[in-house]
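The lines below spell out each chain.
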Amino acid sequence: MSFAVTVLYGSYRRDRQGIRAVRFIEEQLRARGHTPTLLDAMALDLPLLDRMYKEHPKSSAPPVLEKMAETIRAADGFVVVTGEYNQGIPPGLKNMLDHFLEEWFWRPSAIVSYSQGSFAGVRAAILLRITLAELGTPAISSTLPVPQVQKAFDEQGKPADPEAWARRSRKFLDEFEWHMAALKAQREKGVPY
Ligand SMILES: Cc1cc2nc3c(=O)[nH]c(=O)nc-3n(C[C@H](O)[C@H](O)[C@H](O)COP(=O)(O)O)c2cc1C
């Protein structure tokens, strides 16, 4: 079964490194027959939150929000790629998530965390899980933590150790697919509200 997967990335840093993990996971998704669509907050030039998407009169939200809402609604699941800034969720990523609410509902999410050090952003991943649950897109149990992201993948997302990363991502993506399939089947029967 192939799925539409939205990949979220929220670093606005000119020297950003997480884009390597984004490229890697996009390629893994494509290799499994899925269609990843990247929402990159910096590339979208998403401003800080003023009104949430739903607070704009219908069809009159800024074009960037309309485009994002369309992508989010079309997704079967979300891969959220997070760095860790001062042991928390990077503000650009949190800002992107906070713009929407109902648009995320009834689909699973999966967390890829990374850092340039040894801890792979796992503290941000723990906090992100709480936010994703609140947004109605609960995160699957497995995560894909990437220590030393600047060494793990090149700028195109090619892994320095392809075998190890294929192994690490396999269980993560198997589990994510299972949740996407389960919730898709359930959505087809209707949603509670
Ligand atoms: C403001 C700021 C705070 C950071 N805090 C942490 C941290 O708490 N833990 C950590 O492992 N790395 C931390 N780092 C280093 C990041 O892991 C590293 O810069 C990473 O590349 C950031 O992701 P990005 O390049 O995609 O923006 C921090 C970096 C910045 C810019």
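Caption draft 1: Representation of the site of the ligand within the structure. In the vicinity of the ligand, 14 residues are found, and the nearest of them are Ser-11, Gln-17, Gly-18, Gly-83 and Ser-115. Counted by class, the shell around the ligand contains two nonpolar, nine polar and three charged residues.

Caption draft 2: Structural context of the sheet that holds strand 5 (residues 139-146). Reading across the sheet, the five strands line up as 2-1-3-4-5 and stay open at both edges, with parallel pairing between neighbours. Unpaired on one side and paired on the other, strand 2 (35-40) and strand 5 mark the two borders of the sheet. Taking each pair of neighbouring strands and ignoring which way they run, the sheet shows an average axis angle of 20°. Note: strand 3 (residues 77-82) against strand 4 (residues 109-114), five bridges, orientation parallel. Bridge assignment links Val-80 to a residue of strand 4, and that residue is Ile-111. Lying over the sheet, helix 5 (residues 122-134) contacts strand 3, strand 4 and strand 5, oriented at roughly 160° with respect to strand 4.

Caption draft 3: The arrangement of the pairing of strand 3 in detail. Burial of strand 3 is extensive: six of the six residues sit out of reach of the surface. Residues of strand 3 alternate between two faces, with Gly-77, Val-79 and Val-81 on one and Phe-78, Val-80 and Thr-82 on the opposite face, all of them buried. Two strands pair when backbone bridges link them, and strand 1 (residues 4-9) and strand 3 are joined in this way by five bridges, in the parallel orientation. Within strand 3, the position partnered with Tyr-9 by the bridge is Val-81. For the segment spanning strand 3, helix 4 (residues 91-98) and strand 4, crossover handedness is right-handed.

Caption draft 4: Looking closely at helix 5. In a regular helix each residue adds 1.5 Å, so 13 residues correspond to 18 Å; helix 5 covers 19 Å between its end C-alpha atoms and thus fits that length. Looking only at helix 5, the buried set comprises Ala-124, Ala-125, Leu-128 and Leu-132. Those residues of helix 5 that are buried lie in contact with strand 3, strand 4 and strand 5.

Caption draft 5: Inspection of the environment of Pro-47 at higher detail. In this structure, Pro-47 sits in the loop between helix 2 (41-44) and helix 3 (63-74). On the neighbour-count criterion, Pro-47 (12 C-beta atoms within 10 Å) is exposed. Along the chain, Pro-47 and Val-64 lie 17 residues apart, while their C-alpha atoms are 9.5 Å from each other.

Caption draft 6: Molecular detail of the environment of Arg-13. Positionally, Arg-13 belongs in the loop between strand 1 and helix 1 (19-31). Sequence separation of Arg-13 and Gly-92 is 79 residues, and the distance between their C-alpha atoms is 9.7 Å.

Criteria and cut-off values
- Residues numbered from 1 in each chain as written.
- Predicted model: local features only at pLDDT ≥ 70, side-chain atom pairs only at ≥ 80, totals over all residues.
- Near = placed C-beta within 6 Å.
- Nonpolar A, V, L, I, M, F, W, Y, C, P; charged D, E, K, R; others polar.
- Pairing = 2+ DSSP bridges.
- Helix = DSSP H or I, 4+ residues; strand = E, 2+ residues; numbered from the N terminus.
- Axes fitted to C-alpha atoms, helices over the stretch in contact; angles between N-to-C directions.
- Contact = placed C-beta atoms within 7 Å.
- Buried ≥ 20, exposed ≤ 12 C-beta atoms within 10 Å, placed from the backbone.
- Right-handed = clockwise from strand over helix to strand, strands pointing away.
- Expected span 1.5 Å × (residues − 1).

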